[in-house]
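Here are the chains, one letter per residue:
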Amino acid sequence: MTALSVNLNRVALLRNSRPLNIPSLTHAATLVLEAGADGITLHPRPDERHIRPADVRDVAHLLRHWPAVEYNLEGNPFHQLMEHVLAVRPHQCTLVPDAVDAATSDHGWDLARDGERLRPIIAQAHECGVRVSLFLDPVPEAMALARALGADRVELYTEPYARTHGGPGQGASLQRYRLAAEAALRVGLEVNAGHDLNLLNLADFLRAVPGVREVSIGHALIADALEFGLTLTVRRYQAEIRRAQIAVRRSAGESQG
């Protein structure tokens, strides 16, 4: 079953607009966990526009009471991310090549250029018992290099797919992601996915792309929560994941039959 990790950055962004700790990030985390989320993702940035260092620690403390839930910290390892990773030792760190002033993540790593800079960081995370996922574009040729650098997983950057969903380019886009995921699996990497996945496009993605272990969803999920509430929204996303899994199993059964 594909795990759902809920990114809470947008909750922190709203909270930071007033000095009252409303909404509470830890309360939001508790609600999504009680609703059945499999993980929590935070993406601290140096300017602290949303996630602050105290949030990283507070969520780590909260998750001590949820031992089955995964904690994922993501961000640029050259911009203070590793300080947080070393402090709280999450289950996973997702390394993302964000510029300091980036509004949001908008591309994967160029491993030919940055791979050797990443190698000691990946080793450092492993020394702390932390799984490493590299944020990558759906380029099959990059997967073997990611594995050679020591990565455990890759997170496929899915905004390009989201832009094509429902249009004539959707099939070709999904084929790119399918080939990238297959290349990752062949070299022993596990596959995550994230960025602009939502209730409309999630199941189509999971039906087409094999072996996705985790999706990290924040912006769309928090936006949907304005209409449905956090609890129901998490359950709706989990239902979409189950719907995709059932379709995949049914298709596999028909193929074998």
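This text goes with the structure placed above it.
On a predicted model such as this, the values are computed, not experimentally measured, just so you know.

Each value, and the rule that gives it
Residues numbered from 1 in each chain as written. Predicted model: local features only at pLDDT ≥ 70, side-chain atom pairs only at ≥ 80, totals over all residues. Heavy atoms only, no water. Axes fitted to C-alpha atoms, helices over the stretch in contact; angles between N-to-C directions. Helix = DSSP H or I, 4+ residues; strand = E, 2+ residues; numbered from the N terminus. Left-handed = near helix turned anticlockwise from the far one by under 90°. Contact = heavy atoms within 4.5 Å. Nonpolar A, V, L, I, M, F, W, Y, C, P; charged D, E, K, R; others polar. Pairing = 2+ DSSP bridges. Polar contact = N/O pair within 3.5 Å; in protein donor to acceptor, adjacent residues only side chain to side chain. 1 Å grid on protein atoms, 1.4 Å probe; cavity = no way out; pocket = protein on both sides within 12 Å on 5 of 7 lines; lining within 4 Å. Points joined across faces, edges and corners; volume = space filled by probe spheres on them.

## Some words on the packing of helix α2 (residues 25-34) against helix α3 (residues 53-63)
Here is step 1 of the chain: α3 packs onto α2 with a crossing angle of 35° between their chain directions and a minimal axis gap of 10 Å. When the axes of α2 and α3 are compared, the crossing they make is right-handed. When α2 is examined against α3, the residues Leu25, Thr26, Ala29, Thr30 and Leu33 are found in contact with a partner set consisting of Asp55, Asp58, Val59, Leu62 and Leu63.
Here is step 2 of the chain: Here the contact of α2 with α3 is composed, by residue class, of 6 nonpolar, 2 polar and 2 charged.

## Structural notes on the sheet that holds strand β5 (residues 131-136)
Here is step 1 of the chain: Reading around the barrel, the 8 strands line up as β1-β2-β3-β4-β5-β6-β7-β8 and close back on themselves, with parallel pairing between neighbours. Adjacent strand axes in the sheet meet at a mean angle of 25°, parallel and antiparallel pairs treated alike.
Here is step 2 of the chain: Across the sheet, helix α4 (residues 81-88) is in contact with β3 (70-75) and β4 (92-95); its angle to β3 comes to roughly 160°.

## Re the side chain of Asn76
Here is step 1 of the chain: Within the secondary structure, Asn76 is located in the loop between β3 and α4.
Here is step 2 of the chain: In terms of polar contacts, Asn76 uses its side chain to reach the backbone amide nitrogen of Phe78, at 2.8 Å.
Here is step 3 of the chain: Sequence-distant contacts of Asn76, that is, excluding residues within four places in its chain, are made with Leu81, Val96, Pro97, Asp98 and Trp109.

## Topic: the layout of surface pockets
Here is step 1 of the chain: Each pocket or cavity is described by its volume, and for the largest pocket that value is around 470 Å³.
Here is step 2 of the chain: What lines the largest pocket is a set of 24 residues, and nearest its centre among them are Asn7, Arg10, Thr104, His195 and His219.
Here is step 3 of the chain: Elements represented by at least two residues in the lining of the largest pocket include exactly α1 (9-15), β8 (212-217) and α10 (219-228).
Here is step 4 of the chain: Taken together, the residues of the lining of the largest pocket sort by class into 7 nonpolar, 11 polar and 6 charged.
Here is step 5 of the chain: Taken as a whole, the second largest pocket spans an internal volume of roughly 240 Å³.
Here is step 6 of the chain: Around the second largest pocket, the lining comprises 14 residues; the ones closest to its centre are Val11, Leu14, Pro23, Ile222 and Leu226.
Here is step 7 of the chain: If you list the elements that add at least two residues to the lining of the second largest pocket, you get α1, α2 and α10.
Here is step 8 of the chain: At 4 residues, the largest contribution of residues to the lining of the second largest pocket is made by α1.

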